[in-house]
Amino acid sequence: MKKLQIKLSKLKLDTPVLPASGTFGYGDELIDIIDYQYIGAIITKTLTWKENAGNPPPRIWEFQNGLMNSIGLQNIGVRRFYEEKLEILRNLNKTLIVSIGGKNQDDIFKSIEFLSNKKGIDALELNLSCPNIETNKTIAENPDFTFKMLKEARRLTNKVLIAKLSPNVTDICEVGLAAEQAGADILSAVNTFKGLYYDWNREKMYAGGVSGPMIFPMALRMVFELYRKVSIPIIGLGGINSGQKALEMIFSGASAVGIGTSLVIMPDLASRVCQVILDYLNKTRKNFYSVIGSRNEKKH
Ligand SMILES: Cc1cc2nc3c(=O)[nH]c(=O)nc-3n(C[C@H](O)[C@H](O)[C@H](O)COP(=O)(O)O)c2cc1C
């Protein structure tokens, strides 16, 4: 897969195909299940400052063409991650992206500071779908909160900073631009869409985040719009379930793609997606970078 090795900002990726945060455990659980050579980098589930049990079950609901989850950031916390996982991940010799989130900004900043001097971590992805403590509104749903969060994060770390955007906004470009102006190196778009599920057995309505093939057209459009406005690279994700869909995301403007829900269902999907991208490059005699945004138009 040498031909698929790329640079994404300052990151070296083995391929442009990445797992999506939260669907790949801490990065080491699938070692015996999938071939890591097809995965561009390792990305952890979102870590919080303190260990977090997450929401009580049920936490996953199935639709015909996707999932809804309300896991509630269940994780072992940054300290245990450092003590129990980092060494194992370092030994895999792959680029490592650690996702950070939390219930308030201070906790997120503490996590950034703690992880910033740890060797073996190449990038921090800020999961901005976390509440702003003063207003209880989600950071990623407001360009000002996003700007402030990224500005402080930038001050605290020299590691590559990825801002993971929420699709639950009127104009994703406003938030993307705010993240870029505050110093983000890469955008990741998008997280899950707010949804509801009615359970007829329990006669109860559940709220959560919707993912999987059903969100692909909206995610594609958001990456398309972002590409026209921002100058930093975009990791495009949301509903990708095939090599074709990955290519469409790249045509739209993504410099790399993420796969979540469909990777859980089809663990060998990354290898197939890589093969389709490779076949396309060989058939068209194109270089990977020239394909990024090739069915879109930069407006600046
Ligand atoms: C079960 C599950 C858990 C998730 N956990 C996280 C998480 O911890 N942090 C995060 O940034 N995104 C999380 N996500 C969102 C995914 O990373 C991704 O942005 C979203 O699912 C869209 O991609 P997909 O349609 O390929 O799944 C989660 C998604 C699912 C399905």
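Residues numbered from 1 in each chain as written. Predicted model: local features only at pLDDT ≥ 70, side-chain atom pairs only at ≥ 80, totals over all residues. Heavy atoms only, no water.

1. Brief notes about the overall build of the protein
Applicable threshold: The way it works is that DSSP assigns letters per residue, a run of H or I at least four long becomes a helix, a run of E at least two long becomes a strand, and they are numbered from the N terminus. Radius of gyration: over C-alpha atoms. The globule rule applied is 2.2 Å multiplied by the number of residues raised to the 0.38 power. Exposure categories follow from relative accessible area, calculated using a 1.4 Å probe and restricted to protein chains: below 20% of the type maximum is buried, above 50% is exposed, and the middle band is partly exposed. Residues are treated as being in contact if the distance between any of their heavy atoms lies within 4.5 Å. Only the protein chains shown count as cover for residues, and all accessible areas are computed by the Shrake-Rupley method using a 1.4 Å probe. Counted charges follow a simple rule, with Lys and Arg positive, Asp and Glu negative, and His plus the chain ends left uncounted. Charge placement uses NZ in Lys and CZ in Arg. For Asp and Glu, CG and CD serve respectively.
In terms of regular secondary structure, the protein is built from 9 helices and 14 strands. Computed over C-alpha atoms, the radius of gyration of the protein comes to 18 Å, within 12% of the 19 Å expected from 2.2 N^0.38 for 300 residues, which places it in the range of a compact globule. Each of the 300 residues in the protein was classed as buried or not, and the buried ones make up 56%. Once local pairs closer than 6 in sequence are excluded, the contacts in the protein between residues at least 24 apart make up 68%. As displayed, the protein offers around 13800 Å² of accessible surface, 49% of which is attributable to carbon and sulfur atoms. Distance between charge centroids for the protein: 5 Å, based on 38 positive and 30 negative side chains.

2. Here's the deal with the sheet that holds strand β10 (residues 186-189)
Rule in force here: For two strands to be treated as a pair, DSSP must find at least two bridges joining them. In this analysis, axes come from line fits to C-alpha atoms, helices being fitted only over the stretch in contact, and the angle between any two N-to-C directions falls in the range 0 to 180 degrees.
The parallel open sheet is built from 8 strands, whose spatial order is β3-β14-β13-β10-β9-β8-β7-β4. Either end of the sheet is taken by a strand with one partner, and the two such strands are β3 (17-19) and β4 (42-43). Contacting β9 (160-165), β10 and β13 (234-237), helix α5 (residues 216-229) runs over the sheet at an angle of about 165° to β13.

3. Some points on the packing of α5 against helix α6 (residues 243-252)
When two helices pack together, their arrangement is given by the angle between the helix axes and by the axis-to-axis distance. Operational definition: The scheme is simple: roughly parallel for angles under 35 degrees, roughly antiparallel for over 145, roughly perpendicular for 65 to 115, oblique for anything else. Residue polarity follows a fixed list, in which Ala, Val, Leu, Ile, Met, Phe, Trp, Tyr, Cys and Pro are nonpolar, Asp, Glu, Lys and Arg are charged, and the others, Gly among them, are polar.
Where α5 contacts α6, the two axes come as close as 8 Å, and the packing angle between them is 25°. Regarding the angle of α5 to α6, the classification is roughly parallel. Here Phe216, Ala219, Leu220, Val223, Phe224 and Tyr227 of α5 come into contact with α6, specifically with Lys245, Glu248, Met249 and Ser252. Residue composition of the contact of α5 with α6, grouped by class: 7 nonpolar, 1 polar and 2 charged.

4. Quick look at the site of the ligand
Just so we agree on the cut-off: Here a residue is considered near a molecule or strand provided that any single heavy atom belonging to it is located within 4 Å of it. For this analysis, a polar contact is any N or O atom pair within 3.5 Å, provided that within protein one partner can donate a hydrogen and the other can accept it, and provided that sequence-adjacent residues contribute only side-chain to side-chain pairs.
Around the ligand sit 21 residues, and of these Ser21, Thr46, Gly212, Gly239 and Thr261 come closest. For the ligand, an oxygen atom lies 3.0 Å from a polar atom in the backbone of Val190. Gly212 has a polar backbone atom sitting 2.8 Å from an oxygen atom of the ligand. When the ligand sits alone it has 600 Å² of accessible area, and the protein chains cover 93% of it. Here the residues of the shell around the ligand are counted per class, giving 6 nonpolar, 14 polar and 1 charged.

5. Points about α6
For α6, a buried count of 7 out of 10 residues is recorded, marking the element as mostly surrounded by other parts of the structure. Every buried residue belonging to α6 is among Gly243, Ala246, Leu247, Met249, Ile250, Phe251 and Ser252, and all of these are buried. If you follow the buried residues of α6, they end up packed against α5, β13, β14 (256-259), α8 (269-284) and α9 (288-291). Just past α6, the residue Gly253 takes up positive phi, approximately 140°.

6. Observations regarding the side chain of Ser166
Relative to the helices and strands, Ser166 resides in the loop between β9 and α4 (172-182). Looking at Ser166, its side chain comes within polar contact range of the main-chain nitrogen of Asn168, at 3.0 Å. Discounting residues that sit within four places of it in the chain, Ser166 has contacts with Ser129, Ala140, Glu141, Ile172 and Asn191.

7. Focus: the nonpolar core
Rules: Take the buried residues of types Ala, Val, Leu, Ile, Met, Phe, Trp, Tyr and Cys, join any two whose side-chain atoms come within 4.5 Å, and each joined set is a nonpolar core.
Among the nonpolar cores identified, the biggest contains 99 residues, and Val98, Ile112, Leu126, Leu128, Leu150, Ile172 and Ile277 are the most heavily contacted of them. With 8 residues, the single largest contributor to this core is α8. Setting aside residues no more than four positions away along its own chain, Leu150 makes contact with Leu126, Leu128, Leu161, Ala163, Ala179, Ala182 and Ala184.

8. A look at helix α1 (residues 77-90)
Here is the rule we go by: A helix is expected to span 1.5 Å for every residue after the first. The quantity called bend is, for any residue, the angle between two axes fitted respectively to the seven residues ending at it and the seven beginning at it.
The terminal C-alpha atoms of α1, which comprises 14 residues, lie 18 Å apart, in line with the 20 Å expected from a rise of 1.5 Å per residue. Taking the largest bend as the criterion, α1 deviates by roughly 45°, centred on Glu84. Looking at the buried residues of α1, the elements they touch are β4, β7 (96-100) and α2 (105-116).

9. Some points on empty space enclosed by the protein
Counted only if it meets this: Grid points spaced at 1 Å and placed over the protein atoms alone form the basis of the search, with a cavity being a set where a 1.4 Å probe fits but cannot get out and a pocket an open set showing protein on both sides within 12 Å along at least five of seven lines. Lining residues have an atom within 4 Å of a point. Grid points are joined across faces, edges and corners, and a volume is the space filled by probe spheres set on the points.
Enumeration over the complete set of coordinates arrives at 1 cavity of 30 Å³ or more. Together, Leu18, Pro19, Ala20, Ser21, Ile43, Glu125, Lys164, Ser188, Ile235, Leu237 and Gly258 line the largest cavity. Listing elements by their share of the lining of the largest cavity, those giving two or more residues are β3 and β13. Counted by class, the lining of the largest cavity contains 6 nonpolar, 3 polar and 2 charged residues.

10. Some words on the sheet that holds strand β11 (residues 193-199)
Note: strands within a sheet are paired through backbone hydrogen bonds, in either parallel or antiparallel orientation. Pairing in this open sheet of 4 strands is antiparallel, and the strands run β5-β6-β12-β11 from one edge to the other. Every interior strand has two partners, whereas the edge strands, β5 (60-63) and β11, have only one. Strand-to-strand twist across the sheet, computed as the mean angle between neighbouring axes with direction ignored, equals 40°.

11. Some points on the environment of Cys173
If you trace the backbone, Cys173 turns up in helix α4. Along the backbone, Cys173 and Glu225 are 52 residues apart, and their C-alpha atoms lie at a distance of 6.9 Å.

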